[in-house]
Every structure is written in C-alpha cells, then in structure tokens.
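# Fold and geometry: a report
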Amino acid sequence: MAFPSAPSTRWSVSLLTVLFTAAVHSNIAYDEDPLQPVTSDETVPVGGTVTLTCRVAESDNSSLQWSNTAQQTLYFGGKRALRDNRIQLYRSLPTELSITIADVQLSDEGEYTCSIFTMPVRTARATVTVLGVPSKPQISGSEDAVMEGETVTLTCTSTGSKPPAKIQWYKGAEELTDHLYMAEPLPDGLTYNVSSTLSLTVSSNDDNVPITCAVNHPSLALGDKRSEQALRVLYSPIIQIQPEKGLPREGGKFSLQCLTNGNPEPANYIWERRDGDLPLLAKPDGAVLYFSMLNKSDNGVYVCHADNGIGKSSGEYTLQVQEEDAGNIADPTAMSTSSGVDHAVIGGVVAVIVFILLCLLIVFGRYLIRHKGTYLTHEAKGSDDAPDADTAIINAEGGHSGADDKKEYFI
C-alpha cells in the first residue's frame with residue numbers, strides 16, 4: 001500500500017528539526033571532533049559589512065548551514081534560504097561556508113549559528129557585535145564674543161554611539177582635561193547621547209584661538225570626529241609706535257605710526273606732544289603723525305592715544321632730530337656705535353703710521369753711525385805707490401804742488 005509522499009516529507013523535516021534543536025541546546029563538547037564547526041565572533045559598525053565563516057577540519061559530505069539570531073536559515077550549503085539581499089554567499093566548500101551581511105544595523109546584533117547535519121547535529125555560535133557610530137560633535141556656547149577676564153562655558157554634544165563615545169577638548173594644540181562628561185541612553189535603548197561641558201577664563205591671547213571638540217569611538221577606524229570653533233575675546237588696544245625707516249634729519253620729512261592690537265580695532269586716535277603743543281608742521285591723520293619738515297625744535301616725547309570702545313591705551317615715542325649733515329645713517333640707534341667704530345679705526349691707522357716712522361728713524365740713525373768719518377783722501381796716494389824713499393818724497397812734494405788737485409770724497 002502506497003502512502004502519500006507529503007506526510008513522509010513533513011515527518012522527515014520534523015525529525016530533523018528535533019535533532020537540530022537537541023544539538024543546539026546540548027552541552028556536549030566536540031573539541032577534538034574533526035566534524036565540529038568552528039566560528040569566530042565579529043564586531044562591525046552600523047552600515048558596515050561583516051563576514052561570518054564556519055569551518056570543519058574534515059568533511060563527510062554533510063552540508064553546513066548558517067542561521068540568524070531568530071534561528072532563520074540564511075544559507076544551507078550554497079543555497080540561499082532567506083530573501084535578504086544584504087546577505088550574500090562568500091564561499092561554499094565541503095569544509096567551509098562563509099557569508100557576508102552588508103549595511104549592518106543595530107538589529108543585526110546577536111548570536112548566529114553554524115550547523116552541520118551529521119548524526120548528531122553539530123553546531124557553533126558566532127556573536128556579532130554592532131557598534132553605533134557617533135555623530136559629528138556640535139559645539140554650543142561660543143556664539144557671542146566675551147570680554148577679557150570673563151568665563152565662557154562651552155558644551156559639546158554627540159549622539160548615536162554604542163557603547164558611549166569619549167569626548168576630548170583642545171585649545172589650539174593643548175589638550176584640556178578639566179571638563180564635565182555625561183552619557184545618557186536614547187529612547188531606542190541601544191545608543192547613547194554623550195556631552196561634555198568646558199569652562200574657560202579667557203584673556204586677550206585667546207582671541208581667535210580655535211577650541212576643538214573631538215569624539216573618540218571604536219567604530220571610527222579613520223580617527224576621531226572633530227568640530228572646531230574660534231573664541232572671540234573683546235579687549236582694550238595694545239599700542240606700539242613705529243617710526244618711519246631712516247634717521248629723522250633736520251629739514252627732512254618723517255612720520256610716526258600708531259600700531260594697535262585690540263578687538264575691536266580702535267576707531268579714535270589722538271596725538272599729542274608731552275609738555276607742549278604739536279609742532280605747526282606736524283599733522284595727525286588717524287593712526288599716523290606726519291612731519292612735513294623736521295626741525296631741532298621738534299625734539300620731544302610724542303604720545304598716541306587709542307580708544308576701541310572696550311578700553312583706552314596709549315604709547316610713547318621720543319623723537320630726536322639730527323642735524324642736516326648727520327649723514328645717511330639708517331638707524332638712529334646706531335649713531336653712537338658708528339661713531340665709536342670710526343674713532344677706533346682712525347686711532348688704529350695713526351698708531352700704525354707712528355710705528356712705521358719710528359722704525360725708519362731707527363734704521364736711518366744706525367746707518368749714519370756706522371758710516372760716520374769713513375771717507376777716502378788722495379793726499380798721500382803717491383807715496384803709497386813709490387818704489388823707494390826718494391821717489392816717494394818727490395811724489396809727495398808733487399802731490400802738494402797745487403791745492404786745486406787735492407780732492408776728498410765723503411760718503
């Protein structure tokens with residue numbers, strides 16, 4: 001008698017399910033079993049792709065199977081069992097079954113089961129951990145400028161991280177550690193909202209200095225996420241008076257410029273001369289004081305006052321006008337140094353000349369002493385050449401016969 005095939009098929013499936021369920025819940029260890037599947041836990045950020053691999057040491061031609069956290073079969077051998085285009089077959093071999101899950105979501109987190117349908121059914125589990133990726137941090141509290149010496153409070157916020165992200169603050173390149181950190185779970189119960197509050201007492205040096213909030217998280221493989229905002233600090237002007245290049249010479253033109261560093265920039269400048277009025281030929285024009293023709297009477301201390309609405313400051317410059325023939329000296333401060341160098345050079349040249357003259361006098365004096373009184377006379381030259389006494393007398397007498405023949409040579 002033939003039985004319908006459908007009930008037989010249902011019976012086989014039911015038996016297989018019972019065996020599979022018993023194997024899943026059994027505590028039998030198959031560490032040395034070559035047919036025992038081996039898997040590994042995986043961690044993946046939201047939106048990423050994870051690969052699940054199941055291997056056995058040996059094959060008895062039984063098929064490997066992957067199931068999801070709801071025990072729905074994903075792949076049985078090389079055949080797709082669940083219609084989810086995010087899940088694809090990566091590799092199917094007698095000893096390996098690997099699949100990929102793309103665009104992973106937080107709901108994909110959990111235990112995945114690899115099974116091999118032997119007698120009994122052998123299984124292995126792989127835990128997939130999904131990381132919630134934090135959003136780019138947002139800085140609030142520095143929208144308005146603050147006065148120098150005041151305290152500004154900044155708050156950095158990031159949402160969507162799992163586990164909670166960490167927050168770091170930087171002022172320029174300097175890390176700031178004194179801040180208040182808080183992590184709160186979001187309504188989904190899976191991700192967190194993290195925030196950090198930073199308080200700073202600012203100075204003029206902090207104006208335009210960038211404040212950076214950085215969020216660190218294991219899901220950020222390319223590094224932390226950052227937001228940056230520059231501080232705006234209002235402070236009184238700092239003044240420095242810069243003279244025109246070159247020496248202020250009598251009869252020439254000259255100018256002084258009032259350089260300021262303040263926030264905001266000064267709108268009002270006032271020039272004055274200490275202990276007197278400005279010269280008639282000195283004309284102020286905002287931050288610059290022009291001298292159309294310098295005079296020695298222009299010497300004095302000149303003061304620049306600046307006001308930017310936050311505060312007032314002043315700077316001074318002492319003007320010393322040089323005479324018209326003072327030369328083309330580039331820097332007035334170099335006058336005394338240049339004069340000292342000239343005197344030193346002249347003194348050195350004079351000393352060398354005196355030394356040379358002394359040497360010449362010494363050499364010439366020694367020459368005169370050595371040749372003093374050494375001369376040749378020809379008075380008795382005849383007697384020296386005579387062969388006998390008589391001839392010598394005759395020659396000697398002849399030698400005195402005329403005074404005009406007598407010659408003497410001096411050297």
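Just above, that's the structure.
These numbers come from a predicted model, not from an experiment.

Cut-offs used in this document
- Residues numbered from 1 in each chain as written.
- Predicted model: local features only at pLDDT ≥ 70, side-chain atom pairs only at ≥ 80, totals over all residues.
- Heavy atoms only, no water.
- Helix = DSSP H or I, 4+ residues; strand = E, 2+ residues; numbered from the N terminus.
- Contact = heavy atoms within 4.5 Å.
- Core = buried A, V, L, I, M, F, W, Y, C linked by side-chain atoms within 4.5 Å.
- Buried < 20%, exposed > 50% of the residue type's maximum accessible area, 1.4 Å probe, protein only.
- Disulfide = S-S within 2.5 Å.
- Pairing = 2+ DSSP bridges.
- Salt bridge = Lys/Arg side-chain N within 4 Å of Asp/Glu carboxyl O.

### Regarding the environment of Gly315
Inspection of the secondary structure assignment puts Gly315 in strand S25 (residues 312-319). For the pair Gly315 and Val303, spaced 12 residues apart in sequence, the C-alpha separation works out to 5.6 Å. Excluding residues that lie within four positions of it along the chain, Gly315 makes contacts with Ile239, Ile241, Tyr302, Val303 and Cys304.

### Concerning the nonpolar core
With 20 residues, the main nonpolar core has Leu52, Leu64, Trp66, Ile99, Ile101 and Tyr112 as its most contacted residues. Mapped by element, the contributors of at least two residues to this core are strand S2 (50-55), strand S3 (64-67), strand S4 (73-76), strand S7 (96-101), strand S8 (110-116) and strand S9 (122-131).

### A short note on the state of the cysteines
Counted according to the given criterion, the structure contains 3 disulfides. Between the sulfur of Cys156 and that of Cys213 lies a disulfide, 1.8 Å long from S to S. An S-S torsion of about -75° defines the bridge between Cys156 and Cys213 as left-handed. Here the residue Cys156 occupies a position in strand S12 (residues 151-161), and Cys213 occupies one in strand S17 (residues 210-216), the gap between them amounting to 57 residues. Judged by relative accessible area, which is 0%, Cys156 ranks as buried. Each sulfur in the disulfide pair Cys258 and Cys304 lies 2.1 Å from the other. With the S-S dihedral at roughly -95°, the linkage between Cys258 and Cys304 falls on the left-handed side. On the criterion of sequence distance, the pair formed by Cys258 in strand S20 (residues 254-263) and Cys304 in strand S24 (residues 300-307) is long-range, its members being 46 residues apart. Pair check on accessibility: Cys258 and Cys304 agree, each one buried. If the cysteines joined by disulfides in the protein chain are listed in sequence order, their pairing comes out as 1-2, 3-4, 5-6.

### Regarding the sheet that holds strand S5 (residues 79-80)
The mixed open sheet is built from 6 strands, whose spatial order is S1-S9-S8-S3-S4-S5. Two strands in the sheet have a free side with no partner beyond their single neighbour: strand S1 (42-45) and S5.

### With respect to the pattern of salt bridges
This model, assessed by the stated rule, comprises 10 salt bridges. Across the pair Glu109 and Lys162 runs a salt bridge whose closest N-O atoms are separated by 2.8 Å. Of the two residues, Glu109 sits in the loop between S7 and S8 while Lys162 sits in the loop between S12 and strand S13 (166-171), which places them 53 residues apart along the sequence. Residues Glu316 and Arg274 are paired through a salt bridge, measuring 1.8 Å at the closest nitrogen-oxygen approach. On the criterion of sequence distance, the pair formed by Glu316 in strand S25 and Arg274 in the loop between strand S21 (268-273) and strand S22 (282-285) is long-range, its members being 42 residues apart.

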